[in-house]
Amino acid sequence: MSYLSVFYAVLFYLATLVFVAGVGYRIFLYARTPAPLKIPTTPAPTTRRGVALRMLREVTLFSSLFKANKWIWLFGWLFHAALLLVLLRHLRYFQEPVWTWVVWIQPFGIYAAWAMLIGLFGLWARRILVDRVRYISSPSDHLMLGLLVAIGVSGVLMKYVWHTDIVALKAFTLGLMYFDWQPLPADAMLLIHLTLVAALMIVFPFSKLLHAPGVFFSPTRNQVDNPRERRHLAPWAARLQSGDGS
Amino acid sequence: MADFDVPELKEYPVIPPVRVGMMAHSKPYVAKPDFQTPLGFPGELVENWEQVAVEKMGELVGKYRGLRVFLDSCVKCGACTDKCHYFLGSSDPKNMPVARQDLFRSVYRRYYTVAGKYFPKLVGARDMTKEVLDDWYSYFHQCSQCRRCSVFCPYGIDTAEISMAAREIMDTVGQGQKYCNEIIGKVFKIGNNLGLPEPALRDTLEGLEEEVKEDTGVDVRFPLDEKGAEVLLVTPSADFFAEPHVDGLIGYAKVLHQAGISWTLSSHASEAANFGMFIGSYDNMRKLALRIRQAALDLGVKRIVFGECGHAWRVAYSFLNTLAGPFDFLDPRYPVPQHICEVTYDLIQRGALTLDKSANDHRVLTYHDSCNVARASRMGDKPGGQFDIPRAIIRAACNHFHDMPADTIGESTFCCGGGGGLLTDDLIELRVKGAMPRMEALKHVVEQHQVTHLAAICAICKSQFSKVLPYYGFTMDQIVSVHQLVSDAIVLGPKD
């Protein structure tokens, strides 16, 4: 076993740990922090079922963003949908045997890589060309886009230019999962790709990428509009009440 | 008329190029110690204010899930950048919702996130300094908490929540805003925002009784502190004498009279508006709300109805039960509370009112959805009732009605420019600039449909429009109350 393989094995355990623990901790904080007042942005659904549908529309169709700005919606949705397909395509590296539907989406996943890059470049172009968006962008916003673009480009290059030994790579990833380490092919593009992916997993819990779990906890979107029907009282607010006897 | 540039109304809305610092000079008067202490805040900037501010920030983030999630979730996508009326009217980029939030977020990141602690430049994190505080004081008093940005944000990030938190932090370190805090103090001391004592209130109401008697020949009562009345009416104190507000109050009285519903105002709770919300203070908001509960108990009423008001209705609809409930001593057949528009609409539906639409034939109307009614509350039992019910009332009382362009009404409505504790003369430049998008939409229907009047159901909207309409070539009497239209159309006396 080469040092390189050991290094990457350790890197991926570490990245997974940081990602899972970090995001888990944020979710724990979101869930534990009380929402003392009903603040749904209306018109809002009056039933839990309606709220579930509203959230579903938000996370699958980005419906609020669609109302806001068609360009951001187009590039943003394209990027996210493509990323999802690409991620699902990568499942094949973690399964033996590979599920049929994962086999079935393989060709689409390749187109999705291009779509993902188009989406990212569109979003990046806005940051540079639109003065309002340029004003609100900080270095980390550019860095995040750069990281995602680099991951996409290195992946595409592996597909079309510098191939790697897929069979060995799969043995490596399965080895990681079953704690039975296998050698990793020492191809430059693969190493770049994997390093960037690990970096993304590590920065995730410390960055704006927290919008992914955050959207589910947003009270303006996930609250039922029924304050007159049901009294809504957070624990710290209830303590105020017992304080004055009312 | 103004010592600042009044924005030009364009034929089509145009997103202005950003002009940095255009509104940095705009600040409301700072609250003096006399206005701070009754609210439980220090009189002036405390010595170690930076530390106090940062600690308060941590406390608020731990108490409000929305705040925590909103601070983490923004991706700077830009969807909100062209949604704020203050940005559209002033072109100052710090009036873009995301940039306004970042005034707060940058400090939060510096003290409470790993990235901000170790890589402040990279993520745009800043220390809490006097310069930051000055920026906060300027720009968190350029947010009317209208929530238009939250409609369009893919994560529902609500700048109102962040501006409320920022204002509470500023109050906590002793940098309060005079207008809001003085008013809250008046409510605690006298009972209403305008500082109208009970005898003056009684006089005003008697005057109104005489006025209506003269106009209609009918004895319409304006009762105060009458025990055993069915309905407690809580309305903004502007309704007692400001124009056009008072015409709305006359309208409610006529409706309740005609429907045979006994009602009363309360001198203890002679104010519907709850300015505690504007400064983000749960404690003050709660104290203000408890007055209404007390009045309802003291007078032994069965229902609580709110007059025409936007922010008051938000606190009433969304928070009253939370802050001052439970209201299990009231008649369970009615929601607690009800909006006067819900009451009037129900009566119209049941055929209990006769309305002669021709009485309003000299007016061609449009309707301004007030921001807090539109995006922070509801009427009736269906989502969107807050849009349909007032329009249905106007259509029942008038023959000529035309809506403004679709992207400027309903949930996308533009704030009047004076909400959220900004309705003060020291902020007139901001108010005029912030009204621009609404004025543009109004101009559109004035030209397309010869609209003559703008109807609204919020006391702040009515005051704000009376003041700013003339800056744009309109006249101050073009703003009317919805119940003023009802008042003019209602046929009093026995039904045929």
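This text gives an overview of the structure that appears in the document. (Residues numbered from 1 in each chain as written. Chains lettered and ligands numbered in written order. Predicted model: local features only at pLDDT ≥ 70, side-chain atom pairs only at ≥ 80, totals over all residues. Heavy atoms only, no water.)

Moving on, we get to the overall build of chain A. Counting its regular elements, chain A contains 12 helices and zero strands. The order of helices and strands in chain A, counted from the N terminus, is α-α-α-α-α-α-α-α-α-α-α-α. For chain A, the spread of C-alpha atoms along the three principal axes comes to 70 × 45 × 40 Å. Looking at chain A residue by residue over its 246 residues, the buried ones come to 50%. Counted over contacts in chain A with a minimum sequence separation of 6, partners at least 24 positions apart contribute 71%. Carbon together with sulfur atoms contributes 74% to the accessible area of chain A, which is approximately 12,500 Å² in total. Side-chain charges of chain A comprise 23 positive and 10 negative groups, with the mean position of each set lying 9 Å from the other. (Helix = DSSP H or I, 4+ residues; strand = E, 2+ residues; numbered from the N terminus. Buried < 20%, exposed > 50% of the residue type's maximum accessible area, 1.4 Å probe, protein only. Contact = heavy atoms within 4.5 Å. Areas by Shrake-Rupley, 256 points an atom, 1.4 Å probe, with all protein chains shown as cover. Lys, Arg positive; Asp, Glu negative; His and termini not counted. Charge placed at Lys NZ, Arg CZ, Asp CG, Glu CD.)

Together, Asp 203, Glu 206, Glu 210, Glu 211, Glu 214, Asp 215 and Glu 243 of chain B give the surface a local cluster of negative charge. Within the element layout of this structure, Asp 203 of chain B appears in helix H12 (residues 198-216). (Patch = residues over 30% accessible without salt bridge, like charges linked within 9 Å, V, L, I, M, F, W, Y side chains within 5 Å. Salt bridge = Lys/Arg side-chain N within 4 Å of Asp/Glu carboxyl O.)

Looking now at the environment of Gln 464 of chain B. Residue and element names in this part refer to chain B. Tracing the backbone through its elements, the reader meets Gln 464 in helix H21 (residues 459-468). Considered as a pair, Gln 464 and Leu 201 are 263 residues apart in the sequence and their alpha carbons are 23 Å apart. What Gln 464 contacts, discounting residues up to four positions off in sequence, is Cys 416, Gly 417, Gly 418, Leu 423, Arg 431 and Ala 435. Here Arg 431 takes part through its side chain, which lies 2.8 Å from a polar atom of the side chain of Gln 464. (Polar contact = N/O pair within 3.5 Å; in protein donor to acceptor, adjacent residues only side chain to side chain.)

All right, on to the nonpolar core then. Grouped together as the largest cluster of nonpolar side chains are 183 residues, with contacts concentrated most on Phe 104, Trp 136, Phe 222 and Phe 306 of chain B. Apart from residues no more than four positions distant in its own chain, Phe 104 of chain B is found in contact with Met 57, Leu 67, Leu 71, Trp 136, Phe 140, Ile 162, Ala 165, Ala 166 and Ile 169 of chain B. Counting 31 residues, the second largest nonpolar core, distinct from the first, contains Phe 75, Val 86, Ala 113 and Val 149 of chain A. (Core = buried A, V, L, I, M, F, W, Y, C linked by side-chain atoms within 4.5 Å.)

All names here are of chain B. One pass over the full model with this rule turns up 34 salt bridges over all chains. Between Lys 94 and Asp 135 there is a salt bridge, with the nearest N and O atoms lying 2.9 Å from each other. Of this pair, Lys 94 sits in the loop between helix H4 (85-90) and helix H5 (97-112) while Asp 135 sits in helix H8 (residues 130-139); the two residues are 41 residues apart in sequence, bridging distant segments of the chain. For Asp 135, a relative accessible area of 14% puts it in the buried group. Lys 382 serves as the salt-bridge partner of Asp 381, at 3.8 Å between the closest nitrogen and oxygen. A relative accessible area of 61% places Asp 381 in the exposed class. The network of salt bridges with shared partners includes Lys 56, Glu 59, Lys 63 and Glu 168.

Here we take up unusual backbone geometry. At the junction of Thr 42 of chain A and Pro 43 of chain A, the peptide bond is cis and its omega measures out at 0 degrees in the coordinates. Backbone torsion omega between Gly 325 of chain B and Pro 326 of chain B reads -5 degrees, so that peptide bond is classified as cis. Of note in this structure, Asp 225 of chain B is not a glycine but carries a positive phi near 55 degrees. You can call Asp 225 of chain B partly exposed: its relative accessible area is 27%.

Before going further, it helps to examine the sheet that holds strand E6 (residues 453-456) of chain B. Within a sheet, each strand pairs with its neighbour through backbone hydrogen bonds, oriented either parallel or antiparallel. All names here are of chain B. One open sheet accounts for three strands, arranged E5-E6-E7; its pairing is parallel. Looking along the sheet, the strands with just one partner apiece sit at the ends: strand E5 (365-367) and strand E7 (479-481). If you compare each strand with its neighbour and ignore which way they point, the axes differ by 40 degrees on average. In the sheet, E5 pairs with E6 via three bridges, with the strands oriented parallel. Looking at the pairing, Thr 366 lines up with Leu 454 of E6. Relative to the sheet, H21 contacts E6 and E7, its axis offset from that of E7 by approximately 160 degrees. (Pairing = 2+ DSSP bridges. Axes fitted to C-alpha atoms, helices over the stretch in contact; angles between N-to-C directions.)

Next up on the list: the packing of aromatic side chains. All names here are of chain A. In the structure shown here, the tally under the stated rule is 24 aromatic pairs over all chains. Centre to centre, the rings of Phe 66 and Trp 73 are 5.0 Å apart; their planes meet at 80 degrees, and the pair counts as edge-to-face. Between Trp 104 and Phe 108, the ring centres sit 5.4 Å apart and the planes meet at 45 degrees, which makes this aromatic pair tilted. On the criterion of helical spacing, the pair formed by Trp 104 and Phe 108 is a turn pair, its members being four residues apart in helix H5 (residues 100-129). Trp 104 sits in the exposed class, given a relative accessible area of 60%. Note on Phe 108: relative accessible area 40%, which makes it partly exposed. An aromatic cluster of at least three residues, connected via ring pairs, comprises Tyr 13, Phe 179 and Trp 181. (Phe/Tyr/Trp six-rings, centres within 6.5 Å; stacked < 30°, edge-to-face > 60°.)

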